[in-house]
Structures are given as structure tokens and as C-alpha cells.
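Reading the structure
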Amino acid sequence: MQILANADLSRFHTFSIEQSCQYLVEVKTVDHIKDVYQNPKWSSLPKLMLGKGSNVLFTQPYQGVVLLNQLLGKTVTETADSWHLHIAGGENWPDLVKWSIEQGYLGLENLALIPGCAGTAPIQNIGAYGVEFKDLCEYVDVLCLKNFEVKRLSAEQCEFGYRDSVFKHDLHQQVVIVAIGIKLAKNWQPNTGYGPLQTLDNNGLTAKQVFERVCQVRIEKLPDPAKLGNAGSFFKNPIISHQHFLKLQQTYPNMVAYSTPQGVKVAAGWLIDQCQLKGAAVGGAEVHQNQALVLVNKGKASSDDVVKLAAKVYCEVFKKFQIQLEHEVRFIGSHTETNLANLIETL
Ligand code: FAD
Ligand code: EPU
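Residues numbered from 1 in each chain as written. Chains lettered and ligands numbered in written order. Predicted model: local features only at pLDDT ≥ 70, side-chain atom pairs only at ≥ 80, totals over all residues. Heavy atoms only, no water.

So the rule is basically this: UniProt positions are given in the numbering used here, feature names are shortened, and annotations may be inferred rather than shown by experiment.
With an unreviewed UniProt entry as reference, the chain is termed UDP-N-acetylenolpyruvoylglucosamine reductase, source organism Vibrio aquimaris. The Catalytic activity (unreviewed entry) field of the UniProt record for the chain holds the comment "UDP-N-acetyl-alpha-D-muramate + NADP(+) = UDP-N-acetyl-3-O-(1-carboxyvinyl)-alpha-D-glucosamine + NADPH + H(+)". On record in UniProt, under Cofactor (unreviewed entry), the comment for the chain is "FAD".

**A short note on the overall build of the chain**
Basically, it comes down to this: The helix count covers DSSP runs of H or I at least four residues long, the strand count covers runs of E at least two residues long, and both are numbered beginning at the N terminus. Residues count as neighbours in contact if any of their non-hydrogen atoms are within 4.5 Å of one another. Each accessible area value is a Shrake-Rupley result obtained with a 1.4 Å probe; residue values ignore everything except the protein chains displayed when judging cover.
A tally of helices and strands in the chain yields 7 helices and 21 strands. Seen along its three principal axes, the alpha-carbon backbone of the chain occupies a region of about 60 × 55 × 35 Å. Here the analysis covers contacts within the chain between residues at least 6 apart in sequence; of these, 60% occur between residues at least 24 apart. A total of about 16,500 Å² of accessible surface is found on the chain, and carbon and sulfur atoms cover 48% of it.

**Some words on the packing of aromatic side chains**
Put simply, the rule reads: Side-chain rings of Phe, Tyr and Trp (the six-membered ring for Trp) are treated as a pair once their centres are within 6.5 Å; stacked means planes under 30 degrees apart, edge-to-face means over 60, and tilted covers the remaining angles. Note on classification: 1.4 Å probe, protein chains only; a residue is buried when its accessible area is under 20% of the maximum for its type, exposed when over 50%, partly exposed between these limits. Note on geometry: a ring has a charge over it if NZ (lysine) or CZ (arginine) is within 6 Å of the ring centre and within 35 degrees of the ring normal.
Inspection of every chain in the model, using the stated rule, returns 12 aromatic pairs. Look at Tyr252 and Phe321: their rings are 4.9 Å apart centre to centre, the planes differ by 55°, and that puts the pair in the tilted class. Taken as a pair, Tyr252 in the loop between helix H4 (242–251) and strand E15 (257–260) and Phe321 in helix H6 (residues 303–321) lie far apart in primary sequence, 69 residues in all. On the basis of relative accessibility, which here comes to 18%, the residue Tyr252 falls in the buried class. Taken together through their ring pairs, the aromatic side chains of Phe15, Phe234, Phe235 and Phe331 make up a single cluster. Sitting above the plane of the Trp83 ring, Lys186 keeps its charged end 4.6 Å from the centroid.

**Considerations on the site of ligand 1**
Quick reminder of the rule: The cutoff for a nearby residue is simple: one of its non-hydrogen atoms must lie within 4 Å of the molecule or strand. Any N or O atom pair separated by 3.5 Å or less is treated as a polar contact, with the protein-specific requirement of one donor-capable and one acceptor-capable atom, and with residues adjacent in sequence counted only for side-chain atom pairs. The classification used treats Ala, Val, Leu, Ile, Met, Phe, Trp, Tyr, Cys and Pro as nonpolar, Asp, Glu, Lys and Arg as charged, and all other residues, Gly among them, as polar.
Close to ligand 1 lie 33 residues, the nearest being Met49, Gly51, Ser54, Pro115 and Thr120. In the environment of ligand 1, an oxygen atom lies 2.6 Å from a nitrogen or oxygen atom belonging to the backbone of Pro115. Take Ile177: an N or O atom from its main chain is 2.9 Å from a nitrogen atom of ligand 1. When ligand 1 is considered free in solution it has 1,000 Å² of accessible area, and contact with the protein chains removes 93% of it. Elements with a contribution of two residues or more to the shell around ligand 1: strand E3 (47–50), strand E8 (127–128), strand E12 (175–185) and strand E13 (229–233). Here the shell around ligand 1 is composed, by residue class, of 16 nonpolar, 12 polar and 5 charged.

**Observations regarding the sheet that holds strand E19 (residues 294–297)**
Condition: At least two DSSP bridges between two strands are needed for those strands to be called paired. Think of each axis as a best-fit line through the C-alpha atoms, taken over the contacting stretch in the case of a helix, with angles from 0 to 180 degrees between the N-to-C directions.
Strand order in the open sheet made by the 4 strands is E13-E19-E18-E17, with antiparallel pairing throughout. With one partner strand each, in any of the chains shown, E13 and strand E17 (281–282) form the two edges of the open sheet. Docked against the sheet, H6 engages E17, strand E18 (285–287) and E19, running at close to 30° with respect to E18.

**Quick notes on the site of ligand 2**
We count it as follows: Note that the domain bounds were set by an automatic or database domain assignment.
Looking at ligand 2, there are 23 residues lining it, with Tyr162, Ser233, Asp273, Gln291 and Ala292 nearest. In the environment of ligand 2, an oxygen atom lies 3.2 Å from a nitrogen or oxygen atom belonging to the side chain of Lys221. With respect to ligand 2, the side chain of Asn237 contributes an N or O atom lying 2.9 Å from an oxygen atom. Listing elements by their share of the shell around ligand 2, those giving two or more residues are helix H3 (207–221), E13 and helix H5 (268–274). Considering each element in turn, the shell around ligand 2 owes the most residues, 3 residues, to H5. A breakdown of the residues in the shell around ligand 2 according to their chemical character gives 11 nonpolar, 5 polar and 7 charged. Mapped onto the domain boundaries, the shell around ligand 2 takes at least three residues apiece from domain 2 (74–221) and domain 3 (229–345).

Have a look at this one:
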């Protein structure tokens, strides 16, 4: 196990903001994870499992141990109608999607190019272009931090929702995800109902073609974290009541919204855009010029810059639409997870 003391985290999260942690440990096996959690020297320190850091903002120096997920391995079995992929938690998600299509295991193509580890995909039930992780998930293997045993959860037990799962609630900080199981039907059907995929002709369409279109759209729309630090959509698309929607629609007939069983889902990017916030900046943090839902680090942003900018966006959207945005990005404080509401009080 490689252990670094007082390590700089900027290379390990996609906002690429300088922030330190007391210890940084690469974990390559489940036993490594157990060793870190059971090490008596670290018993009083908080611990944080990190994948590729593409959905986190470290708001302060982290006074604990960061575990870098490097659990690797893929195995494939088959039944009469499906492929079953067992994937170790540290496998790179975008590489997995590309590999699966090359191998002829089809069905992950709409989830191409989403940064992160396979083991993090269940946590916010990653989704894009009409498909969510839950649609393909067979099971999730977790290491329980109470008894250090590995347990298999069915997809149903994961309680998946829009950018949500049991791992954000009852199992938060209770388990580490060590592997996932994905089930892909052998009789592949394209899923092209979502926005920019609708122009594809389903006749003779291949999964590789869907994969390529998704990659093309994403490259055009979203900034590349290797060039411009960001964590994807900063806020979730809020779900509001039908009544609230109808009232807003009278003033904003072009409001971008979709009906869901829970209420009306409104495009947060559109709300932020309507507040004329594209390009708004605080220090080195900026609302992305092409996609208002993405906050970027122009180079020298501090965590405070991003928090202050997020607070500005939150306040302006609330003032104009009476909608409270909820951030998708996970805020990691010095000892525990925190959130914008807590930090706004300290600004
Ligand atoms: P990290 O940021 O490392 O971790 C996220 C959280 O999960 C942290 O709280 C961490 O402590 C916890 N965690 C990590 N690993 C484990 C584990 N093994 N066990 C328990 N807890 C763990 N998301 C989408 O859904 N759809 C998109 O289209 C999308 N596009 C994006 C585009 C860009 C450019 C970027 C930067 C991000 C995008 N995201 C998207 C968000 C991100 O890709 C996902 O949230 C991804 O699943 C995060 O994976 P990660 O390994 O980087 O997680
Ligand atoms: N829009 C604007 N102005 C903007 C940005 C968007 O008017 O600046 C409008 C668009 O024109 C469109 C609508 O808002 O009509 C939705 O935009 P888009 O299709 O880009 O999707 P999104 O709602 O911004 C969501 C996910 C993305 C996912 C895409 C594709 C959330 C929070 N975000 O973005 O996921 O890739 O759909 O499915 O649900 C992520 O979670 O990090 C992420 C990138």
C-alpha cells in the first residue's frame, strides 16, 4: 500500500483545486481497505473513499485519510439471454463502457464518457441520454464498515432514484462499494428517445454508432476536466410541484421541463441561464459559458470561490423562480461531508 502524508489532492479530483489531506492511501485490494479502517494509528481520523474525484469539492483541508480506489478486475459470464459483468469498484467507468462495446456486451453506450470509477456509479445512480445505472445494475457488493464483511445488495435494495440511492442515505459512511454487477441483454435494443439521439435512424443502428454520437454530443457540450477543472452538473435538475410549474409557465412559457411521477423536473441549466449568469465569476470560479449548469475552475480558483459562486447561483435562481437548487457535487469538509446551506451561513 502506498501511503503519502500531508498530500496535495489537486491531481485526485477534477476541479483540480489545491487542497490537502493528512494521509492519502492507494487501496488495491479489499484487505487494504480493511487495513486502513482497522489501523489503530488512524482510529480517530475520519476516512473518505475516493474514486476519480469527479463529483467532489474539498471545501477545506481534509483532516483524515483519503483512500484512492484502485480495485481492478473484470469477469464476464453468460446465461441464455444475458451477459453478466462483475466489475471491481476501481475500474474506470468510461474505459469500461468502451471496452464492453468492443467486446460485444451492449447496453452501456448511452453512459459513455461519464468520468469516475465503476464503484461510484451506483452512489448517485449515474445517468445520461435516457439511461441510468439502475437500468443495467444486477447487484452491488459492499464492504460493511461495522463487521468488515462483504455483502451483496440487489438492485432493489440500492433504492435508486434520480441522482440518488441508499448509499447517500442509510448506508452513507456505513459501507465501501467494492464491486458492481451489470446485466446486459443479448437482444440489444437501441435507446434513442433522448434529445440529440432522436435524429439517429434506428434501422440497422449499432451500439457503436450510439456510443459515438453520445461521445460527440458530450465533447461539444461539456468542458473537459483535463483542460478546465469542473465536476459536471453542479446542481441537480429540481423537481417542483405541478402547481408551481403552471404558475411559472404563465411568465416563462418557454421553460424547459419534463413531467415525472414525482412532479415536474425543470432544467437547472435553463434556470441559471435565464438569470443571465453564464460567465458570472467569483475569483477563479466561473459559470461555464456554454453550459450554465457547470461551474468551472478557470485555473486558480479556491474552494471558497466555488462555494461563493454556487451561493450566488442558488440565491439568484431562488429570487427569480422560488426554486431551491440542490447541489449534486458532494462537499467534503475538514472532517465530514458538508453542504452549501451550512457554508452559506459562514460566508
Ligand atoms: P468521486 O468524486 O471520487 O466520489 C463521489 C462520492 O462518492 C464521494 O462522496 C466519495 O466519498 C464517494 N465514494 C466514491 N467511491 C466510493 C466507494 N467505492 N464506496 C463508497 N463511497 C464512495 N454524472 C452523471 O450522473 N451523469 C453525467 O452525465 C455526468 N457527467 C459528468 C461530466 C463531467 C465532465 C464530470 C466532471 C462529471 C460528470 N458526472 C456525471 C459526475 C460524475 O462523473 C459521477 O458522479 C461519477 O459517478 C463520480 O465518480 P467518481 O469515482 O469520480 O466519484
Ligand atoms: N440549457 C439552457 N442553458 C444552459 C444549459 C442548458 O437553456 O446553459 C437547457 C438546454 O437547452 C436543454 C436543457 O437545458 O433544453 C437541458 O440541458 P442538457 O440536455 O444539456 O442536460 P442537463 O439537464 O443540463 C443532464 C444531466 C447531465 C447529463 C445530461 C444528458 C443533471 C443534473 N444533469 O444535464 O449529467 O449528462 O442531462 O442526459 O441531471 C452530471 O450529472 O454531472 C451531468 C453532466
